[in-house]
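# Remarks on the overall topology
Take a look at the letters that make up each chain.
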Amino acid sequence: MSQQEVILVLDFGSQYNQLIARRVRENRVFSRIVPHNITAEEIREINPKGLILSGGPASIYGSHAPKPKKELFELDIPVLGICYGMQALAHMLGGKVTKARKREFGHAELLIDDFEDFFAGLEEKTICWMSHGDYVSQLPPGFKRIGHTDNTEFAAIADKNRRLYGVQFHPEVAHTPRGSKIISNFLFNICGCEGTWTPQSFIDDTVNNIREAVGKEKVVCGLSGGVDSSVAAVLINKAIGKQLACIFINNGVLRKGEADRVIKTFKKHFHINLRYVNAEARFLKRLKGVIDPEKKRKIIGHEFIRVFEEEAKKLGKIGYLAQGTLYPDVIESKSAFGGPSATIKSHHNVGGLPLNMKLKLVEPLRELFKDEVRLVGKAMGLSNEIILRQPFPGPGLAIRVIGDITKERLDILREADLVVIEEIKKAEFYREVWQSFAILLPIKTVGVMGDERTYENVIALRAVTSADGMTADWARLPYDLLERISNRIINEVRGVNRVVYDISSKPPSTIEWE
Ligand code: XMP
């Protein structure tokens, strides 16, 4: 592991953990979220520049309250406790935490008592975001108050000798307008960070790490054309060139022109060793007559693995499988606090892991957030068309042709889909919305074209805004844009005589129709 500076965010269950990690990274300092009970040994091994104890839902006096190890405060590493993290810090070091009668929630005016380091460059009064029940009522020995509000005497505290800090409010959220400055003060004035983590430094480090880990072995990578697998493939190609073999499977439910685009970009432009497998007929045969959305997903998932394994076998001995796993997947799968949630739709990764191949994994993006993946992709010369792509589901158009899937119906949807993308891009809404696409419905309706009665298909249009796909709202697209899309689809796509717009939010509806 290279000696880059890192800040550890100890996870006490806050919904803002990832936000804290990202705020740190915005300052070009690498951050990592770790369990709250990480030991002093483990921390010493990582040798971080500072620790941030996150907030969390617990009360320090609760029977299952997560507590940091006391030794953490004796490592001579700066610590910042946020909300619950500050209470935990105060409690462990001999201060007193008291249960509030009333929860404090919302904006508060922070009055700063000390501008020396932590609050350097701030105004005397600033707005901060509070969300807490308990509060620190007595400071631990060695601490002093550096900020207060009307309601909270110890809104910010510090033991400057030991470089231990605490804030009752949340500097990581946008509702604390000077929060970024406070976090950067902690990083640069207190932890002594330099801010050297950039997309290029990430690329250089990762290329070295991949070379070291993989040695002379071969790596196989399933390329989907999406952002994550594309960036992973280009990165690994940079590291080991021809030792990497990418497999791109045409599963018959891709968008129009997608296969050509992928081949052109990766084979011709990046000179990646790419195997293109046209398995359209195989997939469509298995999907024939299948109506149930979950069955469609399973069939596509299983078939993908089968084709992938067959192709991989042809490559000879392989040591590694590359995957475009991102940081949020890693944290979620490890979080001690996340409960199991009901499966609404089985997904979310293309095909999943080929189970009986017994390969080791290369996951070069597993420490990055999505926007960072984009920056890395950009730094390596990937086009905006790939980097800024809207998410596209693994089962592709199969879950957008509602009901029975045939090549003919897929082709109708492909043409309509193309019109949607073209018009949305032209109107500069492509990046404004989270996803925008067409769905082919399993009903026909009556229309009139010229003097003739028609009885044709209906296309539904779906465009949603969302931050992460978990919740979404239908996009308020301008009427004239909707009109253009509708006109073009009805005029240009044979077999369609009606277009409707989906105005449901998620929940209770989902983004995809199946
Ligand atoms: P839903 O429809 O559940 O979609 O609101 C949320 C996000 O997930 C995508 N999605 C999928 N992605 N395999 C995938 O890789 C799937 O089976 C799948 N189903 C939905 C969807 O496009 C949206 O971005």
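Predicted model only: the values in this text are computed from it and were never measured.

A few words now on the nonpolar core. Counting residues in hydrophobic clusters, the biggest one holds 73 residues, and the most contacted among them are Leu10 and Phe266. Considering each element in turn, this core owes the most residues, nine residues, to helix α6 (residues 227–240). Two domains each donate at least three residues to this core, and these are domain 1 (6–190) and domain 2 (199–387). Setting aside residues up to four positions removed in sequence, Phe266 forms contacts with Leu223, Ser230, Val234, His271, Ile272, Leu274, Leu382 and Ile386.

Moving on: the sheet that holds strand β12 (residues 219–222). On the basis of which strands lie adjacent, the open sheet formed by five strands has the order β14-β13-β12-β15-β16 and parallel pairing. Bordering the open sheet on either side are β14 (274–278) and β16 (360–362), each of which pairs with just one other strand. For this sheet, the mean angle separating the axes of adjacent strands, direction not counted, is 25°. Inspection of the sheet shows strand β13 (residues 244–250) paired to β14 by five bridges, in the parallel sense. Of the residues in β14, the one forming a bridge with Phe248 is Tyr276. Across the sheet, helix α7 (residues 258–269) lies against β13 and β14, angled at about 170° from β14, the strand it touches most.

Relative orientation of the contacting elements helix α5 (residues 199–214) and helix α11 (residues 370–379) amounts to 80°, with a least axis distance of 9 Å. Relative to α11, the element α5 lies roughly perpendicular. Contact residues: α5 offers Pro199, Gln200, Phe202 and Ile203, while α11 offers Leu375, Val376 and Ala379. Taken together, the residues that form the contact of α5 with α11 break down as six nonpolar, one polar and no charged.

All right, on to the pairing of strand β2 (residues 30–35) then. Of all six residues making up β2, five are buried, and the element is well covered by its neighbours. Judged from the six bridges that link them, strand β1 (residues 6–11) and β2 form a sheet pairing that is parallel. Bridge pairing links Val6 to Phe30 in β2. In this fold, β1 hands off to helix α1 (residues 17–25), which returns the chain to β2; that crossover is right-handed.

The subject of this paragraph is the packing of aromatic side chains. All chains considered together, the criterion is met by 10 aromatic pairs. On the basis of an interplanar angle of 50° and a centroid distance of 5.6 Å, the ring pair of Phe12 and Tyr84 is categorised as tilted. Note that Phe12 is positioned in the loop between β1 and α1 and Tyr84 in helix α3 (residues 84–92), a separation of 72 residues in sequence. Exposure remark for Phe12: the relative accessible area of 1% places this residue in the buried category. Relative to Tyr165, the ring of Phe118 has its centre 5.2 Å away and its plane inclined at 15°; by these criteria the two rings are stacked. On the criterion of sequence distance, the pair formed by Phe118 in the loop between β6 (104–112) and β7 (125–132) and Tyr165 in strand β11 (residues 164–167) is long-range, its members being 47 residues apart. Across the pair, Tyr165 and Phe118 agree in class, each one buried.

About the cut-offs
- Residues numbered from 1 in each chain as written.
- Predicted model: local features only at pLDDT ≥ 70, side-chain atom pairs only at ≥ 80, totals over all residues.
- Heavy atoms only, no water.
- Core = buried A, V, L, I, M, F, W, Y, C linked by side-chain atoms within 4.5 Å.
- Buried < 20%, exposed > 50% of the residue type's maximum accessible area, 1.4 Å probe, protein only.
- Helix = DSSP H or I, 4+ residues; strand = E, 2+ residues; numbered from the N terminus.
- Domains from an automatic or database assignment.
- Contact = heavy atoms within 4.5 Å.
- Pairing = 2+ DSSP bridges.
- Axes fitted to C-alpha atoms, helices over the stretch in contact; angles between N-to-C directions.
- Parallel < 35°, antiparallel > 145°, perpendicular 65-115°, else oblique.
- Nonpolar A, V, L, I, M, F, W, Y, C, P; charged D, E, K, R; others polar.
- Right-handed = clockwise from strand over helix to strand, strands pointing away.
- Phe/Tyr/Trp six-rings, centres within 6.5 Å; stacked < 30°, edge-to-face > 60°.

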